[in-house]
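Descriptive structure summary
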Amino acid sequence: MNKPCLSLAAAMLLASPAFARTITVAPGADAQSRLQEALIDAQPGDTVQLAAGRFTLTDGLSLDVNRVTVRGTGPATTILDFKGQKGAGEGLLVTSDDVVLRDFAVEDAKGDAIKSKGADRIVYYNLRAEWTGGPKATNGAYGIYPVSSADVLIDGVVVKGASDAGIYVGQSKRIIVRNSTAMLNVAGIEIENSYEADIYGNVASHNAGGILVFDLPNLPQMGGHSVRIYRNTVDANDTANFAPKGNIVASVPTGTGVMVMANRDVHVFGNTLTNNATANVMIVAYRQPFKDTTYNPLPRNVVVRDNKHGRAGWEPGFPGGAQLAAALGGSLPPVFWDGAGGRGATNVQVREAVPVMTLGLAEPSTPVSDAKPAPVDLSGGPAIVEPKPVVLPASMEDAIK
Amino acid sequence: MRFGAAAIAWCALVSASATAPVANDVILSEAMPQRLSDFHFFDGDRPNAGVVAYHLTTPLFSDYAEKDRYIFIPKGQKAGFDGDGKIVFPVGAAIIKTFRYGVTKIETRVLLHRANGWVALPYVWAGDDAVLKRAGTRIDMTVHGQAISYAVPNVNQCKECHASDGAIMPIGPKAANIEAVQMTGLRKAGMIAGLAKFVPMPRWDDGAAPLATRARAYLDVNCGHCHNPKGAASNSGLFLGWTMTDRTALGIGKRPVAAGRGSGGYDFAIDPGHPERSILIHRMQSTEPGIAMPEVGRAMVHDEGVALVSAWIKAMPTR
C-alpha cells in the first residue's frame, strides 16, 4: 500500500467509528427517562432512533454528546409531545457539535421547541415544530433556534405557531435555511446578529412578518452582515402580530414581507413577494435608544432586485400607517425605506419594476408622524458586491443525502 | 469566638472512625457508580476523613431545601485560587451537596474532578443510600404547605448550570461567598493554599448589609452561573455576576433578546424604580416553564428573594 492510500485508509478509519450503534427508543411508559438516558448514553457516532408514535414528555430533553444523530420515522409519525412539560426552557436542547436532528416533530413545547447553543455544524432536517392550538401569545418563542454556533443547516422544516420566530438563527455564522415552511408565527424566519447566511427556497406565509434580518445592540455578537434572501415565496403574511410586548418582533407590523433592519450587505432577489398589507420589503434602522457605541443602527449596502411583486401596502400595520397610505392615494408602494441616515450612509439600492418610497425620516429615532414620504429612485449608487454563496462542510450535506 | 463551627468540623474529621477511606480510585475512574455509598464520602451521617463541610454566605435557592455541602481533597493535595477568587481544585477532588428537608434527605449531587475534567452525577435517596439517576427524576412532595413536583436534574441539566465555555465546572465555591472562619479552617487543615483577592459577598438576608450588595450577591448566586459571558445564557448579553459593573449588561434599561413570552409584555430586564414592570422580577415570580428563571432547579417562587431584588430595583432612581 502506498503512502497516500495508507493515509486515506487511516482517515476513513477515523471518520467512521468502528462501533457506531443505534439506540432505539419507543414511546410508552417512562418515555421521559428512557429517551433522556439514551441521549446521555449515546457515544460519538451513535444514532438515537425514535420509533413511530407519540412520546409523552414531562420535562425538557437535552443532548450534549458530539456526532450524534437523533432520527425519527417522519415529522408526521414520530412526535415529541411536550403538552405536559413541567420544567426547562425548551423541548429539546442541543449543546454538542456535529449533531443531526431529522425526521420527527416537536409539539407544544412550553418554551422554545428545539434550541441548539454553541452547537457547531448542526443539521436540522425534515422536522416539524408546532404549537397545535394555533397562534397564541402563550406559545413558546422559537420553533427552530440555533444560537451562538458556526455552520448551521436548516432544510425541509415546518414551523407553526411560534410567538416570536418560527426559524430563528441568532449570533451565528455560516448559515443555510432552505426548503422550509414557516406559517402562523409572529416572524416566519429571522436571522439576527449573524454573519453569512443564505435563505432560499422557503415559504413564509400567514405570519405577521415573513423573513426578517435584524441586528440588535448589547449582545456578544453584533454587526450582522452578508445575507442573501432569494427564491423564497413570501405571501400573505396576515396574522395579527401576537408577540408579547417588549420583544423586538412585537414591533414588526402585521403584513410585512421581508424586513431588513440594521444589517449590512443584505441582498434580496428573485423572490415572489405577494399580498403583504404593510409592504413586501421594508428597509429600516433600529429605532430604540441605545448606549452601545460599537453598534450601528443603520441598514447598509442593501440590494433589493428582480423580485416578483404582488399586491402590497394597502393596510400598513404601523402607527401612522393608515394616514400615510391615505395621503399617498390609498396604499404604500411595495418597497419602502425609512430614509434614516440618508443615502450616503446607507447605500440602499432597489432595482425593481415597482414603485419605491422613502419615509424621509432624518434619524433612526425620528417619529413616523414626522415622515416626509416621497417616491424615490434608489437604482443607482456605488457598486455592491454580492456575498459569496455559503458553503458548509461536506459532512453536513452528506448527513441528509 | 475561640472555637468556631469550622474548628468543630476539623475535630470531627480528625476523629473519623475506622470505616473504609474515601474511594480515590472511584472518583478518578471512568465509572458511574450506581450508589453514593460507593464513594465512601460518609461514615453514616458523618463526613469521612478528608471530607470537610462548608457553608456559603449566600446560597442558591432550591425550593427551600436545606443543603449540606462538603469538599473532598485527596490527602497531600491542596486547592488554590484563580484570579477571580474561585477555588481551583486538584484532580481527584470532589464537591458533594445533599438536599434535604429536615431529616429527610432527597438527593445528593456529586461533582468529581477527573483527569479529563469535571463530571456531575445526581443521586436520589432511597432508604439509607442514594441511587444514581442520570436522567433525573421528579418527586411529588409538599414544601411549606405547597404541593410541588421537585425536579432532580439530569446530568445534562447539571452541566447547563455548571458549564463554562462548554466544559463542566464547579459554580463555586467562590472565596467571596465562603465565611471567613471557614477559609481559615481550610487553610489550617492544609487543604487550601494561596491568596484570593475578592470583595466578600454579604449574606443575602442580612438586614444590616446594604440592599444593593445583598441583591447583587443574590443575583450572582442564583443567576450568574448561566448569566455570564461564558455561561449557558451568554447569548442573552445579560450578565449578573458579582463583579459586573456595566449597567446595561446588568439589565438596567436592557431590552429582552430571546425572552419570548418570558418578557411578560415588559420592555426592560430591570426598569429602575419599577420592579412591577421589570422582566427579571416577572421571571423570578413565575414557576411556568418558558417563563420561570432559573430554567431548572426551581418549582417554587422564592418570595423572600423576589422581595429583596424588588426592593433593590424599587430603590433605583427612575429614568
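Residues numbered from 1 in each chain as written. Chains lettered and ligands numbered in written order. Predicted model: local features only at pLDDT ≥ 70, side-chain atom pairs only at ≥ 80, totals over all residues. Heavy atoms only, no water.

When helices and strands are tallied, chain B shows seven helices and 14 strands. Taking 2.2 N^0.38 as the reference for a compact globule, 319 residues should give roughly 20 Å; the C-alpha atoms of chain B span a radius of gyration of 20 Å, in line with that estimate. Summarising its shape, the C-alpha atoms of chain B cover approximately 65 × 40 × 40 Å along the three principal directions. In chain B, buried positions account for 55% of the 319 residues. (Helix = DSSP H or I, 4+ residues; strand = E, 2+ residues; numbered from the N terminus. Rg over C-alpha atoms; globule rule 2.2 N^0.38 Å. Buried < 20%, exposed > 50% of the residue type's maximum accessible area, 1.4 Å probe, protein only.)

Across the boundary between the two partners, chain B contributes 35 residues, which contact 43 residues of chain A. Summing both partners gives a buried area of about 3100 Å² for chain B against chain A, and 47% of it is carried by carbon and sulfur. Considering only the side of chain B, the residues that lose the most area to chain A are Arg138, Asn235 and Arg261 of chain B, jointly responsible for 20% of the buried surface there. Where chain B packs against chain A, one counts three salt bridges. Notably, a salt bridge pairs Arg138 of chain B with Asp59 of chain A, separated by 2.5 Å at the nearest N-O pair. The tally of links between chain B and chain A comes to 17 residue pairs in polar contact (both at pLDDT 80 or more). (Contact = heavy atoms within 4.5 Å. Buried area = accessible area lost by both parts, 1.4 Å probe. Salt bridge = Lys/Arg side-chain N within 4 Å of Asp/Glu carboxyl O. Polar contact = N/O pair within 3.5 Å; in protein donor to acceptor, adjacent residues only side chain to side chain.)

The next subject is the confidence of the model for chain A. For chain A, per-residue confidence averages 93 on the pLDDT scale, and 96% of positions sit at 70 or higher. Contacts of residues 1-16 of chain A to residues separated by more than four positions or lying in other chains number two contacts, the stretch itself having pLDDT below 50. (pLDDT = per-residue confidence, 0-100.)

Glancing now at the state of the cysteines. For the coordinates displayed, the defined rule picks out zero disulfides over all chains. Cysteine Cys223 of chain B remains unbridged, with the sulfur of Cys226 of chain B as its closest cysteine sulfur at 9.0 Å. (Disulfide = S-S within 2.5 Å.)

The subject of this paragraph is the pattern of salt bridges. Applying the stated criterion across every chain, the model contains 30 salt bridges over all chains. With a shortest N-O distance of 2.8 Å, Asp198 of chain A and Arg228 of chain A are connected by a salt bridge. One end of the pair, Asp198 of chain A, is in strand 20 (residues 195-200); the other, Arg228 of chain A, is in strand 23 (residues 225-230), with 30 residues separating them in the sequence. Side by side, Asp198 of chain A and Arg228 of chain A carry an identical accessibility label, which is buried. Notably, a salt bridge pairs Arg100 of chain B with Asp68 of chain B, separated by 2.8 Å at the nearest N-O pair. Here Asp68 of chain B lies in strand 4 (residues 66-72) and Arg100 of chain B lies in strand 7 (residues 94-101), a separation of 32 residues in the sequence.

Residues and elements named next belong to chain B. With respect to the secondary-structure elements, Thr58 resides in the loop between strand 3 (51-54) and strand 4. Of the residues examined, Thr58 reaches a relative accessible area of 0% and is grouped as buried. Here Trp204 takes part through its backbone nitrogen, which lies 2.8 Å from a polar atom of the side chain of Thr58.

Another aspect to go through is the environment of Gln182 of chain B. Mapped onto the fold, Gln182 of chain B is located in helix 4 (residues 180-188). Sequence separation between Gln182 of chain B and Leu56 of chain B is 126 residues, and the spatial gap between their C-alpha atoms is 9.7 Å.

For an α-helix, 3.6 residues make a turn, and residues three or four places apart therefore share a direction. Residue and element names in this part refer to chain B. Counted at 1.5 Å a residue, the expected span for helix 7 (residues 303-314) with its 12 residues is 16 Å, and the 16 Å between its end C-alpha atoms agrees. When we look at burial in helix 7, the residues that qualify are Gly305, Val306, Leu308, Val309, Ser310, Trp312 and Ile313. In the core, the buried residues of helix 7 are packed alongside helix 5 (211-223) and helix 6 (279-284). (Expected span 1.5 Å × (residues − 1).)

Overall, parallel pairing links the 10 strands, which are arranged 3-6-9-12-15-18-21-24-27-30 (chain A) in an open sheet. Both outer strands of the open sheet, strand 3 (53-56) and strand 30 (308-309) of chain A, are each paired with one neighbouring strand and no more. (Pairing = 2+ DSSP bridges.)

Now for the environment of Ala130 of chain B. Residue and element names in this part refer to chain B. Within the secondary structure, Ala130 sits in strand 10 (residues 129-132). By relative accessible area, which is 0% here, Ala130 ends up buried. When near neighbours in sequence (up to four residues on either side) are disregarded, Ala130 contacts Gln34, Arg35, Leu36, Tyr123, Val124 and Trp125.

On to the packing of aromatic side chains. Under the defined criterion, the tally for this structure stands at 17 aromatic pairs over all chains. Seen from their ring centres, Tyr101 of chain B and Tyr150 of chain B are 6.3 Å apart, and the 80 degrees between their planes marks the pair as edge-to-face. Linking Tyr101 of chain B in strand 7 with Tyr150 of chain B in strand 12 (residues 146-152), this pair joins segments that are 49 residues apart in sequence. With relative accessibility at 2%, the residue Tyr150 of chain B sits in the buried group. Three or more aromatic residues link up through ring pairs in this structure, and these residues are Phe39, Phe41, Phe72 and Tyr123 of chain B. The cationic tip of Arg311 of chain A hangs over the ring face of Trp314 of chain A; the distance from NZ or CZ to the ring centre is 3.8 Å. (Phe/Tyr/Trp six-rings, centres within 6.5 Å; stacked < 30°, edge-to-face > 60°. Lys NZ or Arg CZ within 6 Å of the ring centre and 35° of its normal.)

This paragraph deals with the side chain of Ser263 of chain B. In this fold, Ser263 of chain B is placed in the loop between helix 5 and helix 6. According to the relative accessible area criterion, Ser263 of chain B is buried, its value standing at 0%. At a separation of 3.3 Å, a polar atom in the side chain of Ser263 of chain B contacts the side chain of Asn247 of chain A. Every residue in contact with Ser263 of chain B, bar those within four places of it in the chain, is listed here: Pro244, Lys245 and Asn247 of chain A together with Pro256, Ile279 and His282 of chain B.

Another point: the pairing of strand 1 (residues 22-25) of chain A. Residues and elements named next belong to chain A. Going residue by residue along strand 1, you find Ile23 and Val25 tucked away on one face and Thr22 and Thr24 left uncovered on the opposite face. As defined by bridge partners, strand 1 adjoins strand 2 (residues 47-50) across four bridges and the pair is classed as parallel. Residue pairing in the sheet places Ile23 in a bridge with Val48 of strand 2. Assessed by its sense of winding, the connection that carries the chain from strand 1 through helix 2 (residues 31-41) to strand 2 is right-handed. (Right-handed = clockwise from strand over helix to strand, strands pointing away.)

In this section: the nonpolar core. All names here are of chain A. Within the largest apolar cluster, 69 residues are counted, with the highest numbers of intra-cluster contacts made by Val48, Leu80, Leu101, Phe104, Ile114 and Ile144. If you tally residues by element for this core, the top one is helix 2, at four residues. Counting residues in each nonpolar core, the second largest holds 37 residues, with Ala141, Tyr286, Phe318 and Phe336 among its members. (Core = buried A, V, L, I, M, F, W, Y, C linked by side-chain atoms within 4.5 Å.)

Our focus in this paragraph is helix 5 of chain B. All names here are of chain B. With 13 residues, helix 5 extends 17 Å from end C-alpha to end C-alpha; this agrees with the ideal 18 Å at 1.5 Å per step. When you tally the buried positions in helix 5, you get 10 out of 13 residues, the bulk of the element. Looking at the buried positions of helix 5, the neighbouring elements they touch are helix 6 and helix 7.

Moving on, we get to the confidence of the model for chain B. Residues and elements named next belong to chain B. The pLDDT averaged across chain B works out to 87; a share of 92% of its residues lies at or above 70. Confidence, expressed as mean pLDDT per element, reaches its minimum in chain B at helix 1 (residues 5-14) with 41 and its maximum at helix 7 with 98. Counting interchain partners and residues more than four positions distant, the pLDDT-below-50 stretch residues 1-17 has 15 contacts. Across the interface, the model reports ipTM at 0.87; the global pTM reads 0.90.

Moving on: unusual backbone geometry. The omega torsion of the bond from Met293 of chain B to Pro294 of chain B falls at -10 degrees, within 30 degrees of zero and hence cis. Counting through the fold element by element, Pro294 of chain B comes out in the loop between helix 6 and helix 7. Phi at Glu196 of chain A takes a positive value of approximately 65 degrees, unusual for a residue other than glycine. Within the fold, Glu196 of chain A resides in strand 20.

On to the sheet that holds strand 22 (residues 209-214) of chain A, then. Residues and elements named next belong to chain A. The mixed open sheet is built from 12 strands, whose spatial order is 4-7-10-13-16-19-22-25-28-31-33-34. This sheet does not close on itself; its edge strands, each paired only once, are strand 4 (61-63) and strand 34 (374-375). Relative to strand 13 (residues 144-147), strand 10 (residues 112-117) is paired through four bridges, and the arrangement is parallel. What sits directly across from Lys117, in strand 13, is Val147.

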